[in-house]
Amino acid sequence: MRLEYFQLIDRIVDLDLAQQTIQTEARVPTASTIFEGHFPGYPLMPGVLLIEAMAQTSGWLVIAVTKFSRMPFFAALKEAKLRSFVSPGQSLSLSAKLLHEGSGYAVTKADIRCDGKLTCNAEITFRLVEFPNPEFRANMEKMAAILEFPMGTLAHG
Amino acid sequence: MPSTFDTVANIISETCDIPRDTIKAESHAINDLGIDSLDFLDIAFAIDKAFGIKMPLEQWTQEVNDGKATTEQYFQLNNLCTRIDELVAAKGA
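Here's what I pulled together on the structure shown here. Note that the coordinates shown come from a computational prediction; the quantities given were computed from them, not determined experimentally.

**Description of the nonpolar core**
Residues and elements named next belong to chain A. Counting residues in hydrophobic clusters, the biggest one holds 50 residues, and the most contacted among them are Leu-50, Ala-53, Met-54 and Leu-94. The element contributing the most residues to this core is helix α2 (residues 47-65), with 11 residues. Discounting residues that sit within four places of it in the chain, Met-54 has contacts with Leu-94, Ala-96, Ala-110, Ile-112, Ala-122 and Ile-124.

**Focus on the sheet that holds strand β3 (residues 71-82) of chain A**
As summarised here, the arrangement of the 6 strands in space is β1-β2-β4-β5-β6-β3 (chain A), forming an open sheet in which the pairing is antiparallel. Of all strands in the sheet, those with a lone pairing partner are β1 (11-16) and β3 of chain A, marking the two edges. Between one strand axis and the next, the sheet turns through 20° on average, direction left out of account. Relative to strand β6 (residues 117-129) of chain A, β3(A) runs antiparallel, the two sharing 9 bridges. From the neighbouring strand, Lys81(A) faces β6(A), where its bridge partner is Asn121(A). Against the sheet, α2(A) makes contact with β1, β2 (21-27), β3, β4 (91-101), β5 (105-114) and β6 of chain A, and its axis sits at roughly 50° relative to β4(A), the strand it touches most. Across the sheet, helix α2 (residues 37-51) of chain B is in contact with β3, β4, β5 and β6 of chain A; its angle to β3(A) comes to roughly 80°.

**Considering the pairing of β2(A)**
When a strand is regular, its side chains alternate between the sheet's two faces. Residues and elements named next belong to chain A. Only one face of β2 is buried, namely the one carrying Ile-22, Thr-24 and Ala-26, since none of Thr-21, Gln-23, Glu-25 and Arg-27 on the opposite face is buried. Note that β1 and β2 share 5 bridges and pair antiparallel. Paired with Asp-16 across the two strands is Thr-21, which belongs to β2. The hairpin formed by β1 and β2 contains 4 residues between the paired strands, and Gln-20 there has a positive phi angle of roughly 55°. As judged from the 7 bridges shared by β2 and β4, these two strands associate in the antiparallel manner.

Rules of the game
- Residues numbered from 1 in each chain as written.
- Chains lettered and ligands numbered in written order.
- Predicted model: local features only at pLDDT ≥ 70, side-chain atom pairs only at ≥ 80, totals over all residues.
- Core = buried A, V, L, I, M, F, W, Y, C linked by C-beta atoms within 7 Å.
- Buried ≥ 20, exposed ≤ 12 C-beta atoms within 10 Å, placed from the backbone.
- Helix = DSSP H or I, 4+ residues; strand = E, 2+ residues; numbered from the N terminus.
- Contact = placed C-beta atoms within 7 Å.
- Pairing = 2+ DSSP bridges.
- Axes fitted to C-alpha atoms, helices over the stretch in contact; angles between N-to-C directions.

Now the structure itself:
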């Protein structure tokens with residue numbers, strides 16, 4: 001994770017276009033100014049950032065399913081549950097499944113596990129729009145490379 | 001088996017907390033019922049699921065934006081239900 005750049009996941013571990021699922025991983029940094037305020041003497045990964053991590057995981061799945069033709073923007077969150085605390089230094093396993101790809105929107109179900117234990121989960125809705133400009137798309141492709149997004153699978157999916 | 005309109009009206013009522021008896025066949029989802037685009041995503045998801053279809057919302061929106069169609073053609077409920085019936089029929093064809 002690079003919290004200062006709002007990069008909430010480190011790597012795409014698996015992308016299955018047939019099953020419409022994705023798995024990613026992330027490690028919560030051991031130090032961040034965020035933990036100075038959340039909370040002094042008792043640092044916790046903010047729940048809103050765990051939700052963003054699920055949204056980013058889901059977003060890459062949607063980008064894959066739509067073959068990099070649409071950009072998913074976070075639109076709605078349902079049934080979000082933050083089941084246990086996440087501390088600095090913990091490793092997260094994230095997964096998402098596409099529930100529905102509609103016209104101009106998509107809905108996913110996502111969760112995070114720590115040491116195999118379900119830590120949080122939610123249903124997330126995205127608006128799908130064309131990439132706003134070529135630079136935006138280029139930046140997403142650059143991020144895809146950093147996250148080891150398997151571009152090759154899009155051609156065969 | 002409920003009619004297409006009854007199914008759609010029930011979805012709108014439950015999704016947007018609008019009293020069921022205020023939802024009429026001639027109601028316009030946006031102008032009369034005040035449904036915004038985000039709530040309409042929830043409605044679209046429920047309709048797509050209920051009927052096993054994919055409403056072409058992007059195409060409809062584009063047609064409205066280009067002046068090739070009016071919002072009434074797609075978002076007045078009786079017209080919306082006709083579109084849904086057409087999509088269901090096309091799926092089974």
